[in-house]
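Tertiary structure, described
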Amino acid sequence: MGELITIEGAKELLIEGINYAAYKETDSSLSDSDKNRLYGEEHYYSGRMIAGESPWSDGDFEGKMAELLTWATRLNASKPEFAEARKLLGSQSSVIGRVIRRADGPVNISAAGIASGALTVLVWVLSLHPLGLLRDVFGDTPWWAFAMLLLAFVLGIFAATQRRIWWWIVATVGLSGFLLLAANN
């Protein structure tokens, strides 16, 4: 059985996980001030020169950290101590506690997410007719094309919640195009 994790150890583990996710997903790691804000006191001092303001400090800091924590949780899914740290700190009234609760909250689909889902469906429909003519779209459309429509919509909404919209749109349109070419040959 593993060792019991301390509050300080849990904070450090989660903050380093968030920092890694920030760097891996956005190429912009957390500054010492961001880490200290999450920790709840002055704890980090790297001695690095600060070139500019942290991209994480403007606007909804806790929302940004919650998104990064979601990514960090995926990246650390095989580490039980990461889940234990989240559980230990999740009920605290600190910044890190609020970030954990926010990351665990319901998924909010933004207007941009809904627009990306609609755009994915529109691209799929337009890929059926190169000139964009919508007449007889459903008359001659095979069953798998309807499945592609459903897939395009689901992937568009899923992508919107994951903030990786364009990868899913490219994948959906590419798969749709491939199936259309295969069916016409």
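For the structure itself, look to the data block above.
Residues numbered from 1 in each chain as written. Predicted model: local features only at pLDDT ≥ 70, side-chain atom pairs only at ≥ 80, totals over all residues. Heavy atoms only, no water.

Some words on the overall build of the protein chain
When helices and strands are counted, the protein chain shows 8 helices and 0 strands. Its helices and strands in sequence order give the protein chain the pattern α-α-α-α-α-α-α-α, from N to C terminus. By the burial criterion, 35% of the 185 residues in the protein chain qualify as buried. Across the protein chain, contacts joining residues at least 24 apart in sequence account for 62% of those joining residues at least 6 apart. (Helix = DSSP H or I, 4+ residues; strand = E, 2+ residues; numbered from the N terminus. Buried < 20%, exposed > 50% of the residue type's maximum accessible area, 1.4 Å probe, protein only. Contact = heavy atoms within 4.5 Å.)

Details of the side chain of Ser31
Note on placement: Ser31 falls in the loop between helix H1 (7-26) and helix H2 (32-39). Look at Ser31 and you get buried, because its relative accessible area is 12%. Separated by 2.9 Å, the side chains of Ser31 and Ser33 make a polar contact. (Polar contact = N/O pair within 3.5 Å; in protein donor to acceptor, adjacent residues only side chain to side chain.)

Focus: unusual backbone geometry
Within the chain, Asp27 stands out as a residue other than glycine whose phi angle is a positive 60°. Relative to the elements of secondary structure, Asp27 occurs in the loop between H1 and H2.

Here we look at the pattern of salt bridges
For the structure on display, the rule yields 4 salt bridges. Residue Asp104 pairs with Arg86 through a salt bridge whose shortest N-O separation is 2.1 Å. In this pair, Asp104 sits in helix H5 (residues 95-104) while Arg86 sits in helix H4 (residues 80-89), placing the two residues 18 residues apart along the sequence. Among the residues examined, Asp104 registers a relative accessible area of 53% and is labelled exposed. Taking relative accessible area as the criterion, Arg86 reaches 11% and is therefore assigned buried. (Salt bridge = Lys/Arg side-chain N within 4 Å of Asp/Glu carboxyl O.)

A short note on the packing of aromatic side chains
Per the stated rule, a full pass over the model turns up 1 aromatic pair. Here the aromatic rings of Tyr39 and Tyr44 are separated by 6.1 Å at their centres, their planes lie at 90°, and the arrangement is edge-to-face. Its relative accessible area of 15% is what places Tyr44 among the buried residues. Note that Lys11 overlies the ring of Tyr39, its terminal NZ or CZ placed 4.7 Å from the centroid. Directly above the ring of Phe61 sits Arg37, whose terminal nitrogen or CZ lies 3.9 Å from the centroid. (Phe/Tyr/Trp six-rings, centres within 6.5 Å; stacked < 30°, edge-to-face > 60°. Lys NZ or Arg CZ within 6 Å of the ring centre and 35° of its normal.)

Details of the environment of His43
Mapping His43 onto the fold places it in the loop between H2 and helix H3 (61-75). His43 sits in the partly exposed class, given a relative accessible area of 35%. Residues His43 and Asp32, spaced 11 residues apart in sequence, show a C-alpha to C-alpha distance of 8.5 Å. With residues near it in sequence (within four places) discarded, His43 still touches Glu12 and Asn36. Among the polar contacts made by the side chain of His43, one reaches the side chain of Glu12 at a distance of 2.7 Å.

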